[in-house]
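# Fold and geometry: a report
Here are the chains, one letter per residue:
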Amino acid sequence: MKTKFVFITVLVLFMIAAPLLAVSAYDPTTNAIYAQVAEPFVGTSVRLLGMGGAGLGVRGYYDSFLINPANIVKSGFKFSAPAVTITAYNPQAILESGAIDDFLEGTDSSMLSGAQKFLGTIDTGYGDVLTTDVSTSLSIGSLGLALQAQERLMSYKTGSDSLSTNLIAQVTAAATAGLGFRIGIVPDAVSIDVGVTAQAIYKGFYEAQSASTITAMMSDSSSDPATEFTNNTPIVAGYALPISAGVNLNLPVGLTVSAAAKNFNGNYTMTTYTSLNDWAQEVLGERLVTDSTDNPTNILEDAWTIESDWRLDAGLTWAPNIGSLIRPTLAVDVVDVMAMEGLQGDDLKRAFFEQTRLGASVRLLGLVDVRAGLSQGYRAIGVGLDVLVIHVDAAYYSIEYGENIGDKPIDAVSLRFSLFSR
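Residues numbered from 1 in each chain as written. Predicted model: local features only at pLDDT ≥ 70, side-chain atom pairs only at ≥ 80, totals over all residues. Heavy atoms only, no water.

## Regarding the confidence of the model for the protein chain
Defined as follows: pLDDT runs from 0 to 100 and stands for how confident the predictor is about each residue. Only DSSP runs of H or I reaching four residues or more are called helices, and only runs of E reaching two or more are called strands; each is numbered from the N terminus. In this analysis, two residues are considered to be in contact whenever any of their non-hydrogen atoms come within 4.5 Å of each other.
Averaged over the protein chain, the pLDDT score is 87; the fraction of residues at 70 or greater is 91%. Mean pLDDT in the protein chain bottoms out at helix 1 (residues 2–21), which sits at 42, and peaks at strand 8 (residues 243–250), which reaches 97. Here residues 1–22 is a poorly scored stretch, pLDDT under 50, and it has zero contacts once near neighbours within four places are set aside; other chains count.

See below:
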């Protein structure tokens, strides 16, 4: 009798715990293909990338408060709409492969050839292929608002064969509100700026598409990729409500010491849908297109969680006011300071080098910004040009996707076009 009671108890506990222990097929903690979808959302800042990723305490730009909430304090009136940014990764290899020429030719055979050449440029491990950002922002005094949308095409390749490539398409929308205030310490000399931002983020990503699937779509004239991605490809979508806070210690001669704690409460609550069409039915109440599919349910997996950690960044910025003709800025940032906790000796030195960003910018005649920087030892260059209400920014840089510096650097070029405030 006692044995039977124990058996029934264990069975009941298992039935209760089994749903709680269920793991999503798209969970980045258990499926390596989707590791990059767990990264916190960060809009592409061409200005920052041109300075090697440094600029935690650099103020005066439309996206300054998105990088450090304390930068919103006394930022005045700024309005940028629309701002469009395009980032292409591995551009040198793609140009040398001839893939673009094949795509421009436009025939079925050239499209297939272009797809094969393009997939051949993707290296083993993680990477990015293309990112497009669209944003608008408004700041009044010490209040800031921003709307951002980003399309990101990521890659994960398991071996040297191009057929082992997987592509993951992700779309993210974010609304951000920021507020700050200043605490005077020494009049006109020392002050502290404190700011906080709250975000509402919604993102979705498609099930990974293998190289063989992509090649088949290109080679099969009867196949319609739009139909496949709308009706037959699972999509994962969900939301997060992260909060970030920042502080600037403003010192004489243009020195600023900054710290920003980012992405508190950044975990995503996700749902897996059988297709984009079914997502629209479930979320919007109406299908995007009429199809013959009669699914008993539109949801493959109900609410599950993607964990996204918070981080603490620190920086030192020097922006002396020496007139309007030439305005130099120097910045040194250390990202994810807490990751170095407990490290000693060579490990600490290596981590500090990997997480340090150095950047410099010089604004000439109020019209041109010339930028340069170092990120993990990789050089970055950038330029900004203002013509009336039109603003153009460009940057060329490298990002490390491997576990250690030098494992897998990927070069990238970013272009940003915007109107009104820079």
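## Overview of the packing of aromatic side chains
This is how it is decided: Between 30 and 60 degrees the pair is tilted, below 30 it is stacked and above 60 it is edge-to-face, where a pair is any two Phe, Tyr or Trp rings, Trp via its six-membered ring, whose centres lie within 6.5 Å. The buried label goes to any residue with under 20% of its type's maximum accessible area, the exposed label to any with over 50%, and the partly exposed label to all in between, with areas taken from a 1.4 Å probe on protein chains only. Put simply, a charge is over a ring when the Lys NZ or the Arg CZ is close to the ring centre, within 6 Å, and near the line of the ring normal, within 35 degrees.
The final tally for this structure, using the stated rule, is six aromatic pairs. Seen in terms of ring centroids, Tyr-34 and Phe-205 are 5.6 Å apart; in terms of plane orientation they differ by 40°. Their pairing is tilted. You can see Tyr-34 sitting in the loop between helix 1 and helix 2 (46–50) and its partner Phe-205 sitting in strand 5 (residues 190–206), a full 171 residues away along the chain. Here Tyr-34 matches Phe-205 in class, with each residue buried. Here the aromatic residues Tyr-26, Tyr-34 and Phe-205 are joined through ring pairs into a cluster of three or more. Arg-47 extends its terminal NZ or CZ atom over the ring of Tyr-61, reaching a point 4.5 Å from the ring centre. When the ring centre of Tyr-268 is taken as origin, the NZ or CZ atom of Lys-203, which lies over that ring, is 4.2 Å away.

## Description of helix 6 (residues 108–120)
The line we're drawing: Expected helix span is given by 1.5 Å per residue-to-residue step, counting one fewer step than there are residues. For this quantity, the arc is that covered by the directions from the helix axis to the C-beta atoms.
The terminal C-alpha atoms of helix 6, which comprises 13 residues, lie 19 Å apart, in line with the 18 Å expected from a rise of 1.5 Å per residue. Residues Ser-110, Gly-114, Ala-115, Phe-118 and Leu-119 constitute the buried set of helix 6. Along the axis of helix 6, the buried residues cluster in a sector spanning 165°; they form a single face.

## Digging into the nonpolar core
Definition in use: Buried Ala, Val, Leu, Ile, Met, Phe, Trp, Tyr and Cys residues form a nonpolar core when they are joined through side-chain atoms within 4.5 Å.
Counting 17 residues, the largest nonpolar core has Tyr-34, Val-37, Ile-168, Phe-205, Tyr-268, Met-270 and Ile-306 as the members making the most contacts within it. For this core, the secondary-structure elements that each account for two or more residues are strand 4 (165–186), strand 5, strand 7 (235–240), strand 10 (268–273) and strand 11 (299–306). Ignoring any residue separated from it by four or fewer positions in sequence, one finds Tyr-34 in contact with Ala-25, Tyr-26, Pro-28, Ile-168, Phe-205, Tyr-206, Glu-207 and Ala-208. One finds Ala-99, Val-129, Leu-167 and Ile-214 within the second-largest nonpolar core, a separate group that totals nine residues.

## Regarding the side chain of Ser-361
Relative to the assigned elements, Ser-361 resides in strand 14 (residues 356–364). On the accessibility criterion, Ser-361 (6% relative accessible area) is buried. When neighbours within four sequence positions are excluded, Ser-361 is seen to be in contact with Met-51, Arg-327, Pro-328, Thr-329, Asp-369, Val-370 and Arg-371.

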